[in-house]
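# Structure at a glance
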There are 2 protein chains.
Amino acid sequence: MQPENCSENSQLYRFLAENGMINVGAYGFPGAAMQTLCTSSSTSYHNNNYHFESSVITDMTPQDRALAALKNHKEAEKRRRERINSHLDKLRGLLLCNSKTDKASLLAKVVQRVRELKQQTSELSGLESFPSETDEVTVLSGEYSSDGQLIFKASLCCEDRLDLMPDLNEILKSLHLKTLKAEMVTLGGRIRNVLIIAADKDHSVESVHFLQNALKSLLERSNSSEKSKRRRILDRKLVSQ
Amino acid sequence: MQPENCSENSQLYRFLAENGMINVGAYGFPGAAMQTLCTSSSTSYHNNNYHFESSVITDMTPQDRALAALKNHKEAEKRRRERINSHLDKLRGLLLCNSKTDKASLLAKVVQRVRELKQQTSELSGLESFPSETDEVTVLSGEYSSDGQLIFKASLCCEDRLDLMPDLNEILKSLHLKTLKAEMVTLGGRIRNVLIIAADKDHSVESVHFLQNALKSLLERSNSSEKSKRRRILDRKLVSQ
DNA sequence: TGCAACACGTGAATC
DNA sequence: TGATTCACGTGTTGC
């Protein structure tokens, strides 16, 4: 083996070990044996001192730097795994899963559960069909259909007025949104609109937020038209952002 | 290196390669170089024929068997990864996440989302406080409290009768469940019960299902007492299962 | 014995 | 560069 071929770290390790440049202790080269050492005891790992740890930062040889980088990398990867696994454990708690349920099955249950819950909330929110006293804008986070379109539900409740529907259509048109289904209920001068909307695959997620903002400003505009001019100027800002 | 020390597969690989017992092709020993080959093209992997693939199963040498096992292991692990990742992709779709959101962040959002949705459904289901016309049993999947107890909500809607509450208490007692809070609404001879319940850490998850079944059979029993004897017999079956 | 699931360290890619 | 994320192959453990 020749030094100039040691581009890979495992080879670097072996090269250094074979030339007595690092202290490998009782075990062989770290690629195979150090793993067992680390897993057997997490505390002993920190006592496992490479010689570069006692040297000053300024005079690190290239080998030292490579080793330090490798150590960093190893530890960062461990932290990443722990982060992911801690979230999986939280999900096990939320879904009432045994702590022994394997990752794949757990995630399958999570997918199923999220679908169920979303459908439940969607159905339950559809029950409030009569216009409420307070103004409301709700855009329920939707789901991607099989053909890649994003389907979601938007609900708007406000004072009824003549140019509300033209304004609403204008917003949907400008955001390239298609209305699949629309429910309108008016009562005592107020109106509730529930729309099932499809978005192109291109702008889907952004469109949801744009629509939410547009509907909010539409609602604010309805109110401001009966109030001061100062509010109307503020509303313009909301629209443009 | 000596043959009897080759308990590890990577060492086995190298030993076999160095003695010309396997065809390693242009690259070195598989532990390092084969990985790059596999990632560069998934189809070429299947064309990457070890010599044992052409031999008959009956006359496999120990080396062949070890290699076959290693190959199986490798492929199984790949399938496992794909299974997990496909579920993660589904979750990305459900949460409207960019396909580039990393696993940890995605899972954090999933945890948050499940909590939100559970709270929403719990709140919304609490709104239907008046007894409905139809009989209902709902046991909402709960959540583990900080001290390890499982807290969940159970809802029961049926004809009111004198011995309903004693029966209900009997069920809760036999399952070692503690009632933290109870709401009762009666209207027109019907009753709706909403209970917040705590379960011991020991039987928590099972208790939820037992309670669901017990409540269902309690409800069936209430109906059957006003109806034919044939139904009552059927109900017994339901209870015992 | 073999299979399934896991944690690990590593190389590569992206920023 | 260095930090971060991912897929991969491997060793190990429990059924």
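Residues numbered from 1 in each chain as written. Chains lettered and ligands numbered in written order. Predicted model: local features only at pLDDT ≥ 70, side-chain atom pairs only at ≥ 80, totals over all residues. Heavy atoms only, no water.

Per an unreviewed UniProt entry, chain A is named BHLH domain-containing protein, and its organism is Populus tomentosa. UniProt, in the comment section headed Subcellular location (unreviewed entry), describes chain A in these words: "Nucleus". (UniProt positions renumbered as here; feature names shortened; annotations may be inferred.)

Within chain A, the regular secondary structure consists of eight helices and four strands. Starting at the N terminus and walking to the C terminus, you meet the elements of chain A as α-α-α-α-α-β-β-α-β-β-α-α. Among the 241 residues that make up chain A, the fraction classed as buried is 35%. By sequence separation, contacts in chain A at least 24 residues apart represent 53% of the contacts at least 6 residues apart. When the accessible area of chain A is evaluated, it comes to approximately 14600 Å², of which 53% is carbon and sulfur surface. (Helix = DSSP H or I, 4+ residues; strand = E, 2+ residues; numbered from the N terminus. Buried < 20%, exposed > 50% of the residue type's maximum accessible area, 1.4 Å probe, protein only. Contact = heavy atoms within 4.5 Å. Areas by Shrake-Rupley, 256 points an atom, 1.4 Å probe, with all protein chains shown as cover.)

With 33 residues, helix α4 (residues 62–94) of chain B should reach 48 Å at 1.5 Å per residue; the first-to-last C-alpha distance of 48 Å fits that figure. Within the span of α4(B), buried status applies to B:Asp64, B:Leu67, B:Ala68, B:Leu70, B:Lys71, B:Ile84, B:His87, B:Leu88, B:Leu91, B:Arg92, B:Gly93 and B:Leu94. (Expected span 1.5 Å × (residues − 1).)

Our focus in this paragraph is the side chain of B:Ser207. Positionally, B:Ser207 belongs in helix α7 (residues 204–224). By relative accessible area, which is 4% here, B:Ser207 ends up buried.

Moving on to the relation of the copies chain B and chain A. Superposing chain B onto chain A takes a rotation of 178° plus a shift of 0.1 Å along the axis, which leaves an RMSD of 0.4 Å. Both copies are brought into coincidence by an operation consistent with a two-fold rotation axis. Interface overlap between copies is the fraction of interface residues in one copy that are interface residues in the other; for chain B against chain A it reaches 97%, indicating a shared surface. (Least-squares fit on C-alpha atoms with pLDDT ≥ 70 in both.)

Looking now at the pattern of salt bridges. All names here are of chain A. All chains considered together, the criterion is met by 21 salt bridges over all chains. Taking the shortest distance from any N to any O, the salt bridge between Arg92 and Asp89 comes out at 3.2 Å. Taken together, the residues Arg92 and Asp89, both in helix α4 (residues 62–94) and three residues apart, mark about one turn of the helix. Here Arg92 falls in the buried class, since its relative accessible area comes to 10%. Overall, Asp89 belongs to the partly exposed group, its relative accessible area being 46%. Where salt bridges share partners, they join Asp135, Glu159 and Arg190 into one cluster. (Salt bridge = Lys/Arg side-chain N within 4 Å of Asp/Glu carboxyl O.)

Residues and elements named next belong to chain B. This structure, assessed with the given rule, holds zero disulfides over all chains. Free cysteine Cys157: the closest other cysteine sulfur is in Cys158, separated by 6.8 Å. Cys157 gets classed as buried once you look at its relative accessible area, which sits at 0%. (Disulfide = S-S within 2.5 Å.)

Three or more residues of α4(A) are buried, namely A:Asp64, A:Leu67, A:Ala68, A:Leu70, A:Lys71, A:Glu75, A:Ile84, A:His87, A:Leu88, A:Leu91, A:Arg92 and A:Leu94. Phi turns positive one or two residues past the end of α4(A), at A:Leu96, with a value near 60°.

Let us now look at unusual backbone geometry. Glycine aside, residues mostly have negative phi, and peptide bonds are mostly found in the trans state. Residues and elements named next belong to chain A. Phi at Leu96 is positive, roughly 60°, even though this residue is not glycine. Along the chain, Leu96 falls in the loop between α4 and α5 (103–126). Positive phi, close to 55°, is recorded for His176, a residue that is not glycine. One can find His176 in the loop between α6 (164–174) and β3 (177–187).

The partner chain A presents 35 residues to the 36 residues of chain B that form the contact. Summed over both partners, the interface of chain B with chain A buries about 3300 Å², with 75% contributed by carbon and sulfur atoms. Per-residue buried area on chain B facing chain A is highest for B:Leu94, B:Leu96 and B:Leu107; these three make up 20% of the total on that side. On the surface where chain B and chain A come into contact, there are zero salt bridges. Taken together, the links from chain B to chain A amount to four residue pairs in polar contact (both at pLDDT 80 or more). Among the secondary structure elements, those contributing two or more residues to the side of chain B that touches chain A are α4, α5 (103–127) and β1 (136–144) of chain B. The element best represented in the side of chain B that touches chain A is α5(B), accounting for 14 residues. Its residues placed into classes, the side of chain B that touches chain A shows 19 nonpolar, six polar and eleven charged. (Buried area = accessible area lost by both parts, 1.4 Å probe. Polar contact = N/O pair within 3.5 Å; in protein donor to acceptor, adjacent residues only side chain to side chain. Nonpolar A, V, L, I, M, F, W, Y, C, P; charged D, E, K, R; others polar.)

In this structure, A:Leu91, A:Val110, A:Val114, B:Leu91, B:Val110 and B:Val114 are the most contacted members of the largest nonpolar core, which totals 26 residues. Among the secondary structure elements, those contributing two or more residues to this core are α4 and α5 of chain A together with α4 and α5 of chain B. (Core = buried A, V, L, I, M, F, W, Y, C linked by side-chain atoms within 4.5 Å.)

Another aspect to go through is the side chain of A:Ser155. All names here are of chain A. For Ser155, the location among the structural elements is in strand β2 (residues 150–159). What makes Ser155 buried here is its relative accessible area of 14%. Setting aside residues no more than four positions away along its own chain, Ser155 makes contact with Glu136, Val137, Thr138, Arg192, Asn193 and Val194.

Here we come to the pairing of strand β4 (residues 190–199) of chain A. All names here are of chain A. Counting buried positions over the ten residues of β4 gives nine, a clear majority of the element. Note that β2 and β4 share ten bridges and pair antiparallel. Each residue of the ladder has a partner; that of Ile151, found in β4, is Ala198. Turn length for the β3-β4 hairpin, with the two strands adjacent in sequence and antiparallel, is two residues, and the turn residue Gly188 shows positive phi of about 55°. (Pairing = 2+ DSSP bridges.)

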